[in-house]
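Now for the letters of each chain:
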Amino acid sequence: MRTDIIHYLEEDIRKRCEKESNFFGMGGYHHIRAVVKNAVQLAGIYGADVEVVTIAAWLHDAASITDYALYENHHIHGAEMAGDLLKGFRYEEKKRELVQKCILNHRGSKVMEKQSPEEICVADADSISHFDAVPSLFYLAYVQRKLDIDDGIDFVKNKLTRSYQKLSERGKEIYKDKYEQVISVVV
Ligand SMILES: [Fe+2]
Ligand SMILES: [Fe+2]
């Protein structure tokens, strides 16, 4: 396990999130940490390489938290950033490429063929992480987007439902109860 890389990322991502220039505020950090936690859990179930998914999960939104201008294509920019960073750490080439694929294909809204268990794992971990961060979603709705009460509820409910629908078939099965419980609290 390349704990040197993982420790570096824990620190580096937190620092990037703390910067004034990070549009997503510390909500972004909570999100990324939840994605890491879920990716590690799912790796065991999906038979994915836990080191690869941990590194990819830390880096999957690195471009968005660094520069909001990169948000639209943050999967592409993030994969490039990860490539440079991991080359610096002399990370094994095959694994580096897999990390980059996980980042490139993590977005459910950009439908691309996910070929490896690692890619499915990171994408599912990303989608389900909204369920660990319901307070952050309300913060996004009421503080950042300044929605009124009803619109905020709709916003959060839609975001959670869309996230659930983006899961792989296996992910939907695993998280069915969690989805129903969280939705019942929000609405
Ligand atoms: Fe993302
Ligand atoms: Fe994400």
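Residues numbered from 1 in each chain as written. Chains lettered and ligands numbered in written order. Predicted model: local features only at pLDDT ≥ 70, side-chain atom pairs only at ≥ 80, totals over all residues. Heavy atoms only, no water.

Engineer: How do you make sense of the coordination of the iron ion (ligand 2) when you look at a structure like this?
Structural biologist: Six octahedral donors at a metal ideally form angles of 90 or 180 degrees, and four tetrahedral donors ideally form angles of 109.5 degrees. With distances of 2.1 to 2.3 Å, the protein atoms coordinating the iron ion (ligand 2) are His31 (NE2), His60 (NE2), Asp61 (OD) and Asp126 (OD). In this structure, the iron ion (ligand 2) is coordinated by four donor atoms arranged in irregular fashion, with angles at the metal of 84 to 172°. Going along the chain, you hit the donors of the iron ion (ligand 2) in the pattern H-x28-H-D-x64-D. Take His60: its relative accessible area is 0%, and that puts it in the buried class. (Donors = N, O, S within 2.8 Å, 3.2 Å for Na, K, Ca; no water. Tetrahedral: all angles 85-135°; square planar, octahedral: opposite > 155°, others 65-115°. Buried < 20%, exposed > 50% of the residue type's maximum accessible area, 1.4 Å probe, protein only.)

Engineer: Looking at this structure, how should I read helix H9 (residues 149-166)?
Structural biologist: A rise of 1.5 Å per residue sets the reference length of H9, with its 18 residues, at 26 Å; its end C-alpha atoms lie 26 Å apart and thus fit the reference within 8%. Within the span of H9, buried status applies to Gly152, Phe155, Val156, Leu160, Thr161, Ser163 and Tyr164. In this structure, the buried side of H9 is in contact with helix H7 (117-129), helix H8 (134-144) and helix H10 (169-186). The N-cap residue of H9 is Asp148: its side-chain oxygen and the backbone nitrogen of Asp150 are 3.3 Å apart. (Helix = DSSP H or I, 4+ residues; strand = E, 2+ residues; numbered from the N terminus. Expected span 1.5 Å × (residues − 1). Contact = heavy atoms within 4.5 Å. Polar contact = N/O pair within 3.5 Å; in protein donor to acceptor, adjacent residues only side chain to side chain.)

Engineer: Mind showing me how you'd approach the packing of helix H5 (residues 74-88) against helix H6 (residues 93-104) here?
Structural biologist: At a closest axis distance of 8 Å, the pairing of H5 and H6 adopts a crossing angle of 160°. By the criterion of interaxial angle, the relationship of H5 to H6 is roughly antiparallel. When you trace H5 past H6, the crossing you get is right-handed. Here His75, Ile76, Gly78, Ala79, Glu80, Ala82, Gly83, Leu86 and Lys87 of H5 come into contact with H6, specifically with Arg96, Val99, Gln100, Ile103 and Leu104. (Axes fitted to C-alpha atoms, helices over the stretch in contact; angles between N-to-C directions. Parallel < 35°, antiparallel > 145°, perpendicular 65-115°, else oblique. Left-handed = near helix turned anticlockwise from the far one by under 90°.)

Engineer: Explain the coordination of the iron ion (ligand 1) here, please?
Structural biologist: In this structure, Asp61 (OD), His74 (NE2) and His106 (NE2) serve as the protein donors to the iron ion (ligand 1), at separations of 2.1 to 2.2 Å. Read in sequence order, the donor residues for the iron ion (ligand 1) give the motif D-x12-H-x31-H. If you look at the iron ion (ligand 1) and the iron ion (ligand 2), they sit 3.6 Å from each other and are both ligated by Asp61. With Asp61 in the loop between helix H3 (50-59) and helix H4 (62-66) and His74 in helix H5, the pair connects residues that are 13 residues apart, well separated along the chain. For the residue pair Asp61 and His74, the accessibility class agrees, reading buried in each case.

Engineer: What is the right way to read the nonpolar core from this model?
Structural biologist: Across soluble globular proteins, nonpolar side chains show a tendency to be buried alongside one another. If you look at the biggest cluster of nonpolar residues, it comprises 50 residues, and the most contacted ones within it are Ile13, Ile55, Trp58, Leu59, Val99, Cys121 and Leu160. The biggest single contributor to this core is helix H2 (residues 25-46), with eight residues. Beyond its immediate sequence surroundings of up to four residues, Leu160 is in contact with His130, Phe131, Leu137, Tyr179, Val182, Ile183 and Val186. (Core = buried A, V, L, I, M, F, W, Y, C linked by side-chain atoms within 4.5 Å.)

Engineer: Before we go on, may I ask you to explain the side chain of His75 in this structure?
Structural biologist: Inspection of the secondary structure assignment puts His75 in helix H5. By relative accessible area, which is 4% here, His75 ends up buried. For His75, the side chain forms a polar contact with the side chain of Arg107, separated by 3.1 Å.

Engineer: Help me understand the packing of aromatic side chains in this model?
Structural biologist: Each aromatic ring pair is summarised here by two numbers: the centre-to-centre distance and the angle between the ring planes. Counted by the stated rule, this structure contains ten aromatic pairs. Note on Phe23 and Tyr68: the rings are 4.0 Å apart at their centroids and 25° apart in plane angle, and the pair reads as stacked. Of the two residues, Phe23 sits in the loop between helix H1 (3-18) and H2 while Tyr68 sits in the loop between H4 and H5, which places them 45 residues apart along the sequence. Between Phe24 and Tyr71, the aromatic rings sit 5.9 Å apart at their centres with planes inclined by 45°, giving tilted as the arrangement. Here Phe24 is found in the loop between H1 and H2, whereas its partner Tyr71 is found in the loop between H4 and H5, with 47 residues between them in sequence. Judged by its relative accessible area of 32%, Tyr71 falls in the partly exposed class. (Phe/Tyr/Trp six-rings, centres within 6.5 Å; stacked < 30°, edge-to-face > 60°.)

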